[in-house]
Amino acid sequence: MKFKTIIEPFRIKTVEPIRQTTREERERLLAEAYYNLFLLKAEDVLIDLLTDSGTGAMSSGQWAGMMLGDESYAGAKSFYKFETAVRTITGLKHVIPTHQGRAAERILFGSTLKPGDIVPNNTHFDTTRANTEYRGAVAHDIPIPEAHDPAVILPFKGNIDLEKLERTIVENPGKVPLAMITVTNNSGGGQPVSMANIRAASQICRRHGIPLFLDCCRFAENAWFIKTREEGYADKTPLEIAQEMFSYVDGATMSAKKDGMGNIGGFLALNDDALAEKCKNMLILTEGFPTYGGLAGYDLEALAVGLEEVLHEDYLQYRIRSVAYLGDILTENGIPIVQPPGGHAIYIDAKSMLPHIPQSDYPAWALSLALYLEGGIRSVEIGSVMFGQQPDGSEKPAAMELVRLAFPRRVYTQSHVDYLAEVLLYVNNMKESIRGVKIVDAPAVLRHFSAKMALI
């Protein structure tokens, strides 16, 4: 008999206590943190869904691998294990380790972009956008039109708009040094990109001599969506699907803190020899020698194991279903989310849930504060605080006002998710009392990380 329940494909070997706080404590803690959840102490958070980046639990295989870490400055054997793991998946020639994904972005863009350039992408996430704009280039988001409607259900709502991609290249000769596709599309609700879309984008780019890169931090989750949703892939393994995805691109950046299953690390992978040499020189200047790139040998060992484990089918089935489980509960109870549920997170549509708060008062940020105040849940705003500030300092409302609940890998159980659902239903019942917020003080770049806010 085939049973319906999908259980966690692991058993718990080590536990870490989490601390309950009272509502009164959380009210004080929010004020002390200037109403910015990034500024809370982790010990004051009950369930931490701020990010899935580097927050997962490593396996016994990864911990065992760490004991084999070779800490040699140059030519460490741990690097070659890591390199083999990345090449097996991506097929890309040059593997450049970095301490995390934003370092790979900085090195790539520092080697390729100049002021006035344009980088088309289905949707840039925060550090990708910031590193692009830091070089004086334009981060040009061109997702398919349906991506901006949270309620629309499509199997691959993360796709890049192919017509706009070609038009961007044609209308800006010499100004598009590269194009990118983010898999899965984090800013767009964790939505996957189809193989057909990646293949077609590759054909467009190669026809115009433009290299195509994947921001591939959730490549395994994207591969699973292709396997379960795209015709012709049901009988292929996640590894085979990932290998085909990478066969259409010229390079990739990755925060291995996501689908690398590690607590730190990333890479830049390339086929172009000259560009790789330029990037390695910049790596030496800012990160470290090309065989460690700012990482310890034991980090490289853990990532080599994690990149293999993340493609296990039982893990991916559990991972995607865990997120969908919460999404189903919220949808059944009328809480608007980005549909269908994403691979690594649930994205609540705060603009629809809190229509009494104008976008200028940051409804998604306000909702994230309410989730912490009422239930000790830490989430993150993906809306006009994160993306509203333009390079010239002006304000433009974000296309969507979302609260992301990002699931750390192999950390929380179904009872944690059930508690989370209870908190969300409670907050939904008292949502009319939620007030907007205003920015009191903020830096010029990536302001959401350290902005000081106040309740209106």
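This text goes with the structure placed above it.
Here's a quick rundown of the structure. On a predicted model such as this, the values are computed, not experimentally measured, just so you know.

Cut-offs and rules
Residues numbered from 1 in each chain as written. Predicted model: local features only at pLDDT ≥ 70, side-chain atom pairs only at ≥ 80, totals over all residues. Heavy atoms only, no water. Phe/Tyr/Trp six-rings, centres within 6.5 Å; stacked < 30°, edge-to-face > 60°. Helix = DSSP H or I, 4+ residues; strand = E, 2+ residues; numbered from the N terminus. Buried < 20%, exposed > 50% of the residue type's maximum accessible area, 1.4 Å probe, protein only. Disulfide = S-S within 2.5 Å. Contact = heavy atoms within 4.5 Å. Polar contact = N/O pair within 3.5 Å; in protein donor to acceptor, adjacent residues only side chain to side chain. Expected span 1.5 Å × (residues − 1). Pairing = 2+ DSSP bridges. Axes fitted to C-alpha atoms, helices over the stretch in contact; angles between N-to-C directions.

### Quick look at the packing of aromatic side chains
Each aromatic ring pair is described using two quantities: the centre-to-centre distance and the angle formed by the ring planes. Summed over all chains, the structure comprises nine aromatic pairs. Arranged with centres 6.2 Å apart and planes meeting at 70 degrees, the rings of Phe82 and Phe267 form a pair that is edge-to-face. You can see Phe82 sitting in helix H3 (residues 77–90) and its partner Phe267 sitting in strand S8 (residues 266–270), a full 185 residues away along the chain. Judged on exposure class, the residue Phe82 and its partner Phe267 are both buried. With 6.3 Å between their ring centres and 75 degrees between their planes, Phe125 and Phe387 make a pair best called edge-to-face.

### A short note on the state of the cysteines
Scanning the model with the defined rule gives zero disulfides in all. Sulfur of Cys217: no disulfide; nearest cysteine sulfur belongs to Cys216 and is 7.2 Å away. For the unlinked cysteine Cys279, the closest cysteine sulfur is that of Cys216, found at 15 Å.

### Structural notes on the environment of Glu313
Looking at the element boundaries, Glu313 is found in helix H12 (residues 313–332). Put simply, Glu313 and Pro408 are 95 residues apart on the chain and 18 Å apart in space, counted from C-alpha to C-alpha. Contacts of Glu313, omitting those with residues within four sequence positions, involve Trp224, Lys227, Lys236, Thr237 and Pro238.

### Topic: the side chain of Asp52
Mapping Asp52 onto the fold places it in the loop between strand S1 (47–48) and helix H2 (60–66). At a separation of 2.7 Å, a polar atom in the side chain of Asp52 contacts the side chain of Arg218.

### A look at helix H14 (residues 363–375)
Residues three or four positions apart in an α-helix share a direction because the helix packs 3.6 residues into each turn. Counted at 1.5 Å a residue, the expected span for H14 with its 13 residues is 18 Å, and the 18 Å between its end C-alpha atoms agrees. Of all 13 residues that make up H14, 13 are buried, and the element is covered over most of its length. Count one or two residues on from H14 and you reach Gly376, which has phi positive near 75 degrees.

### What to know about the sheet that holds strand S9 (residues 345–349)
Within the open sheet, the three strands sit side by side as S9-S12-S11. Their pairing is antiparallel. Two strands close off the open sheet at either side, each with one partner strand: S9 and strand S11 (380–382). For this sheet the average axis-to-axis angle between neighbouring strands, irrespective of direction, equals 30 degrees. When S11 meets strand S12 (residues 402–406), the two strands line up antiparallel, connected through three bridges. Considered in S12, the bridge of Val380 is made with Arg404.

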